[in-house]
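# Survey of secondary and tertiary structure
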Amino acid sequence: MGGLDPQALKSLAFSRSIIYDFLASSYIYPYRLGDFEKLIKARIGRVRDVAKVLAGLYPSMNGLIRLLDIAEGISDYNSLTPIQVDFTRVDYGAIPYEGYTHTGYLDMNTEITLKRIYADYNLVVNKEFRDLRGDHIAVEFAFMSFLAYKEYDDWSNAIKYVEEEDYFINNHLINWVPVFVSTSLKLVRTEYFKLLLNFTRDFVVQDKEVIKIVRDAYGGE
């Protein structure tokens, strides 16, 4: 990635924002077919385009494309219900919260710490997240999507957002998401959810290294 020009850095930030947005939506329970359409299928086109662009940098994109292929075929409750069952298995057996993964209970201190980080950017958990706690995996991924988009959109302050991404992935995501994935993989049955979990883990691990390189490209401390 050496010698990345500004346009390449902006394109990478925008693409990463789309991937994190997709991950955030992927961990919100789809109660109805309409929910799955809004959360997942409505995003497939742009995510597929981005995955093709990022495939050379992130090997995990091959798994994402397979996941998108399956998602496109979810068109009735016969295909959605097994995924909903896996969601329930994960929600009650693995508990997709950072605080729980660290402590075994829904830790208030973890959520308070995260809410303070979000508040620095005037962010709150809105109704789209159905009153989920601030340390839910969907909320943390949404925050990373926000940071990557701001890196793209607010070019004069890009280094500020890259350094926050670097901090957040190293002090939060990387410290619990792989553990959550390992636990969840023992519970799920559908190929859809197995692909989602494996991609989640692999992308976070790979993105940690990409962010470090991008940070260096921006001249971060």
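Since the model is a prediction, treat every value here as computed from it, not as a measurement.

### Thoughts on the packing of helix H1 (residues 6-26) against helix H3 (residues 44-54)
One way to put it is that H1 packs onto H3 with a least axis distance of 10 Å and a crossing angle of 130°. Classed by the angle they form, the pair H1 and H3 counts as oblique. Our pair here, H1 against H3, has a crossing hand that is left-handed. On H3, the residues that touch Leu12, Ser15, Ile18, Ile19, Asp21 and Phe22 of H1 are Arg46, Val47, Val50 and Leu54. Classifying every residue of the contact of H1 with H3 by side-chain character gives 7 nonpolar, 1 polar and 2 charged.

### Points about helix H4 (residues 61-72)
Compared with the 16 Å implied by 1.5 Å per residue over 12 residues, the 16 Å span of H4 between its first and last C-alpha is a close match. Inspection of H4 places Met61, Gly63, Leu64, Leu67, Leu68 and Ala71 among the buried residues, and these make up the whole buried set. The buried residues of H4 occupy an angular sector of 150° when the element is viewed end-on, so they sit on one face. Where H4 is buried, its residues contact H1, helix H2 (33-39), H3 and helix H10 (191-217).

### Quick word on empty space enclosed by the protein
The final tally for this structure, using the stated rule, is 1 cavity of 30 Å³ or more. The calculated volume of the largest cavity comes to roughly 30 Å³. Looking at the largest cavity, the residues that line it are Ser26, Ile28, Pro30, Phe36, Leu39, Ile40, Phe87 and Tyr192. The residue makeup of the lining of the largest cavity, split by class, is 7 nonpolar, 1 polar and no charged.

### What about the side chain of aspartate 154?
As for its position among the elements, aspartate 154 is in the loop between helix H8 (137-153) and helix H9 (158-185). Buried charge without a salt bridge: aspartate 154, with lysine 150 as the nearest opposite-charge side chain at an N-O distance of 4.9 Å. For aspartate 154, the side chain forms a polar contact with the side chain of tyrosine 161, separated by 3.3 Å.

### What to know about the pattern of salt bridges
Scanning the model with the defined rule gives 17 salt bridges in all. Here glutamate 151 and arginine 16 are joined by a salt bridge, their closest N and O atoms 3.6 Å apart. Taken as a pair, glutamate 151 in helix H8 and arginine 16 in helix H1 lie far apart in primary sequence, 135 residues in all. On the accessibility criterion, glutamate 151 (2% relative accessible area) is buried. Between glutamate 191 and arginine 66 there is a salt bridge; the shortest N-O distance is 3.5 Å. Placement of glutamate 191 in helix H10 and of arginine 66 in helix H4 is noted, with a sequence separation of 125 residues between them. One network of salt bridges, with partners in common, ties together Arg16, Glu151, Glu165 and Asp207.

### Description of unusual backbone geometry
With a phi angle near 60°, isoleucine 95 is a residue other than glycine that sits in the positive phi range. Counting through the fold element by element, isoleucine 95 comes out in the loop between helix H5 (77-93) and helix H6 (98-103). One non-glycine residue with positive phi stands out, namely asparagine 122, at about 60°. You can call asparagine 122 exposed: its relative accessible area is 73%.

### Examining the nonpolar core
Counting 70 residues, the largest nonpolar core has Ile19, Leu64, Phe141, Leu173 and Phe193 as its most contacted members. In terms of residues, this core owes the most to one element, H10, which gives 11 residues. Ignoring anything within four residues of it in the chain, the contact list for isoleucine 19 reads Val47, Val50, Leu54, Met61, Leu64, Phe199 and Phe203.

The rules behind the values
Residues numbered from 1 in each chain as written. Predicted model: local features only at pLDDT ≥ 70, side-chain atom pairs only at ≥ 80, totals over all residues. Heavy atoms only, no water. Axes fitted to C-alpha atoms, helices over the stretch in contact; angles between N-to-C directions. Helix = DSSP H or I, 4+ residues; strand = E, 2+ residues; numbered from the N terminus. Parallel < 35°, antiparallel > 145°, perpendicular 65-115°, else oblique. Left-handed = near helix turned anticlockwise from the far one by under 90°. Contact = heavy atoms within 4.5 Å. Nonpolar A, V, L, I, M, F, W, Y, C, P; charged D, E, K, R; others polar. Expected span 1.5 Å × (residues − 1). Buried < 20%, exposed > 50% of the residue type's maximum accessible area, 1.4 Å probe, protein only. Arc of directions from axis to C-beta. 1 Å grid on protein atoms, 1.4 Å probe; cavity = no way out; pocket = protein on both sides within 12 Å on 5 of 7 lines; lining within 4 Å. Points joined across faces, edges and corners; volume = space filled by probe spheres on them. Lys, Arg positive; Asp, Glu negative; His and termini not counted. Salt bridge = Lys/Arg side-chain N within 4 Å of Asp/Glu carboxyl O. Polar contact = N/O pair within 3.5 Å; in protein donor to acceptor, adjacent residues only side chain to side chain. Core = buried A, V, L, I, M, F, W, Y, C linked by side-chain atoms within 4.5 Å.

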